[in-house]
Amino acid sequence: MAKIRKPSGWNKPKGDDNSRTARDLKKRVKTARGRTVSSARWLSRQLNDPYVGLAKKEGYRCRSAFKLIEIDDRFKFLKPGQAIVDLGAAPGGWSQVCARRADAAEGKGRIVGIDLHEVEAIAGVTLFKKDFFDEDAPQVLIEALGGVYADVVLSDMAAHATGHKQTDHLKIIDLAETALDFAMEILKPGGTFLCKVLRGGSEHDLLSKLKKNFKTVKHIKPQASRADSAELFVLAQGFRKKA
Ligand SMILES: C[S@@+](CC[C@H](N)C(=O)[O-])C[C@H]1O[C@@H](n2cnc3c(N)ncnc32)[C@H](O)[C@@H]1O
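No experiment lies behind these values; they were computed from the predicted model shown.

So what exactly am I meant to see when it comes to the site of the ligand here?
By nearness alone, 21 residues border the ligand, and Gly93, Asp115, Asp131, Phe132 and Asp156 come closest of all. For the ligand, an oxygen atom lies 2.9 Å from a polar atom in the side chain of serine 64. Separating a nitrogen atom of the ligand from a backbone N or O atom of phenylalanine 132 is a distance of 2.9 Å. Burial of the ligand by the surrounding chains reaches 87%, relative to a free accessible area of 600 Å². Across the shell around the ligand, the residue classes break down as eleven nonpolar, five polar and five charged.

If you want it as structure tokens, here you go:
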């Protein structure tokens, strides 16, 4: 598995608290009364998560933006002027990263995103509230790309977790395989596919298809991905497009 190094220029937020002890650092949820255990745990985790504060500071809608930032800082596949598809785009963190790195707000490139949920507008990004499994979804995305093949297809799609490990894994693999089939239709030769999967399941078919159709395939666990989460990303680069 490729290990993400701390990218240059990347500063984990320190705040003004270098001199304090770790114990002092931990913000506590002061009034637990009236909260369920899980909502108190969620709030405590948000308050203590450096990526949540950093997202706010840097104008990203969610902490997951930093997963893509870390991966791209290491593997450098997002470039100005590119055509990029973002599958599972809500609330918009990855699309914001793509827009910034492709210079989309300056009219460069073409970025298209889709999600079951509404995504608030992002300059230079065309967004659809739609199920990617809808029969016409691929066509809608292809048309939005305006007749060009994509340089990059990203999928951070995840269905609601049921808590049943095998069911959750099957759901995410289904999303990943459908995303890959779509990517293989619309990627340029040499293109990149990045996709979320879950650790510990058998994504054998997905991996063998990726290895057959891309020059390099890597599993990545970015630092911004919570250590207690089973999520992993598969990065496939150098698409071998068939004539
Ligand atoms: C982890 S979130 C994506 C976060 C996003 N990358 C960001 O940075 O803002 C996963 C998203 O996948 C979306 N999703 C799951 N199944 C989908 C489907 N069949 N079609 C479209 N979107 C889907 C969910 O609605 C959810 O918003």
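Hey, could you run me through the sheet that holds strand 6 (residues 214–220) in this one?
By definition, the strands of a sheet pair up through backbone hydrogen bonds, in either a parallel or an antiparallel sense. Read from one edge of the open sheet, seven strands run 3-2-1-4-5-7-6, paired in mixed fashion. On the outer flanks of this sheet lie strand 3 (125–129) and strand 6, each paired with one strand and no other. In this sheet, adjacent strand axes meet at a mean angle of 10° when their direction is disregarded. In terms of strand pairing, strand 1 (residues 83–87) meets strand 2 (residues 110–115) through five bridges, oriented parallel. When the sheet's bridge partners are listed, isoleucine 84 is paired in strand 2 with isoleucine 111. This element, helix 4 (residues 65–75), spans strand 4 (150–155), strand 5 (187–198), strand 6 and strand 7 (231–239) of the sheet and lies at about 40° to strand 7.

So what exactly am I meant to see when it comes to helix 7 (residues 165–186) here?
Residues lying three or four places apart along an α-helix face the same way, a consequence of the helix completing one turn every 3.6 residues. The first and last C-alpha atoms of helix 7 sit 32 Å apart over 22 residues, in line with the 32 Å expected at 1.5 Å per residue. By the burial criterion, the buried members of helix 7 are Asp168, His169, Ile172, Ile173, Leu175, Ala176, Ala179, Leu180, Phe182, Ala183 and Ile186. The inward-facing, buried residues of helix 7 contact strand 1, helix 6 (137–144), strand 4, strand 5, helix 8 (204–213) and strand 6.

Basis of the calculations
Residues numbered from 1 in each chain as written. Predicted model: local features only at pLDDT ≥ 70, side-chain atom pairs only at ≥ 80, totals over all residues. Heavy atoms only, no water. Near = heavy atom within 4 Å. Polar contact = N/O pair within 3.5 Å; in protein donor to acceptor, adjacent residues only side chain to side chain. Areas by Shrake-Rupley, 256 points an atom, 1.4 Å probe, with all protein chains shown as cover. Nonpolar A, V, L, I, M, F, W, Y, C, P; charged D, E, K, R; others polar. Pairing = 2+ DSSP bridges. Helix = DSSP H or I, 4+ residues; strand = E, 2+ residues; numbered from the N terminus. Axes fitted to C-alpha atoms, helices over the stretch in contact; angles between N-to-C directions. Contact = heavy atoms within 4.5 Å. Expected span 1.5 Å × (residues − 1). Buried < 20%, exposed > 50% of the residue type's maximum accessible area, 1.4 Å probe, protein only.

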